[in-house]
Amino acid sequence: MRIGVISDTHGSVTAWRKAYDQVLRSADLIVHAGDLLYHGPRNPLPEGYDPASLARELNASAVPIVIARGNCDSEVDQLVVDKPLQAPYAHCWVKGLKILVHHGHIISPDELPPYINKDTCDVFISGHTHVAGISRYSGVLCLNPGSPSLSKTGGGIPTIGWIEGGSARIIRLDTGATIEQQQIGE
C-alpha cells in the first residue's frame, strides 16, 4: 500500500498540482493533515493561491483522500470539499497499519497524550509547523510532511511524505530526493 502524506497546502493549487503530478497520483491513498484552502492571517499568499480551484481538484482526485481538519480550515470549507474534514482526528486502518492524523495545532508529536501510544497507532501524522520531519515518541512513528506551498523546511524546500513497505519518508518536491526516512515499528 502506497500512502501519500501532505499538509498545509493553504489554497495553493500550484503546490497541489506539483505534489499530485509528481508523487501523489501513484498513491493508493492520500492523507492530508489539514489547512487545505485558507492561507491564514499569519501566512503570506502562497504561489498559485486559488482555493476554489484547489477544492475542485481535491474533489476530482482519482486517489481517495482522508483529511484531518486544520486550524485554518473552517465550516465553509466543508461546503466546497466533498470529503469530510475530520476533527480533531482522522483515523485510517490500512492493511494492518494504524494511522492517526491530527493537524498538530493542539497536540504536538513531541508530547503525545498517553492515549496515543504504540497500542493505539503505528503512525501519528501531523502538520501545522510547515517543517518536515520524522521522529519517534512513546514507540509511535511521528511524521510531519512539511508543506508544499509555505514550507519552513531548510529555507523553504517544498516537501510531502510517503509511506510504503514498512517505512515513512520525506520527499523534496523540487528534486524528488528523499531527505529523511525511518522504518515503522522499530
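The structure under discussion appears in the preceding block.
Residues numbered from 1 in each chain as written. Predicted model: local features only at pLDDT ≥ 70, side-chain atom pairs only at ≥ 80, totals over all residues. Heavy atoms only, no water.

I'd like a rundown of the sheet that holds strand β9 (residues 140–144), residues and numbers included.
The sheet built from five strands is open, its strands ordered β5-β6-β7-β9-β8 with mixed pairing. In this open sheet, the two strands that pair with only one neighbour each are β5 (90–94) and β8 (133–137). Strand-to-strand twist across the sheet, computed as the mean angle between neighbouring axes with direction ignored, equals 20°. As paired elements, β5 and strand β6 (residues 97–101) share five bridges and run antiparallel to each other. When the bridges of β6 are listed, His91 appears paired with Leu100. (Pairing = 2+ DSSP bridges. Helix = DSSP H or I, 4+ residues; strand = E, 2+ residues; numbered from the N terminus. Axes fitted to C-alpha atoms, helices over the stretch in contact; angles between N-to-C directions.)

I'd like to hear about the environment of Asp50, residue by residue, with values.
Examined against the element boundaries, Asp50 turns out to sit in the loop between β2 (29–32) and α2 (51–60). If sequence neighbours within four positions are ignored, Asp50 has contacts with Gly11 and Val13. (Contact = heavy atoms within 4.5 Å.)

Could you give an account of the environment of Leu45, naming the residues involved and the relevant values?
With respect to the helices, strands and loops of the structure, Leu45 is situated in the loop between β2 and α2. The sequence separation of Leu45 and Val140 amounts to 95 residues, and the corresponding C-alpha distance is 34 Å.

Which residues make up the pattern of salt bridges, and what values go with them?
What the rule picks out here adds up to six salt bridges. Arg25 is paired through a salt bridge with Asp21; the nearest N and O atoms lie 2.8 Å apart. Where Asp82 meets Lys83, a salt bridge forms, and the shortest distance between an N and an O atom there is 3.0 Å. (Salt bridge = Lys/Arg side-chain N within 4 Å of Asp/Glu carboxyl O.)

Can you break down the sheet that holds β2 residue by residue, with the values?
In any sheet, the strands associate via hydrogen bonds between backbone groups, in a parallel or an antiparallel arrangement. With mixed pairing, the seven strands of this open sheet are ordered in space as β4-β3-β2-β1-β10-β11-β12. Every interior strand has two partners, whereas the edge strands, β4 (85–86) and β12 (178–183), have only one. Sheet topology places strand β10 (residues 159–164) next to strand β11 (residues 167–172); six bridges connect them, and they run antiparallel. Residue pairing for β11: Trp162 is matched across the bridge by Arg169.

Summarise the pairing of β9; cite the residues concerned and give the values.
In terms of burial, β9 is largely enclosed, as five of its five residues are buried. Residues Val140, Cys142 and Asn144 of β9 are buried on one face, and the alternating residues Leu141 and Leu143, pointing to the opposite face, are buried as well. Bridge count between strand β7 (residues 123–125) and β9: three bridges; the pairing is parallel. In the strand pairing of β9, Ile125 is matched with Leu143. The sheet contact formed by β8 and β9 spans five bridges and is antiparallel. Its bridge partner lying in β9, Ile134 is registered against Leu143. Connecting β8 to the next strand, β9, in antiparallel fashion are two residues, including Ser138 with a positive phi near 50°. (Buried < 20%, exposed > 50% of the residue type's maximum accessible area, 1.4 Å probe, protein only.)

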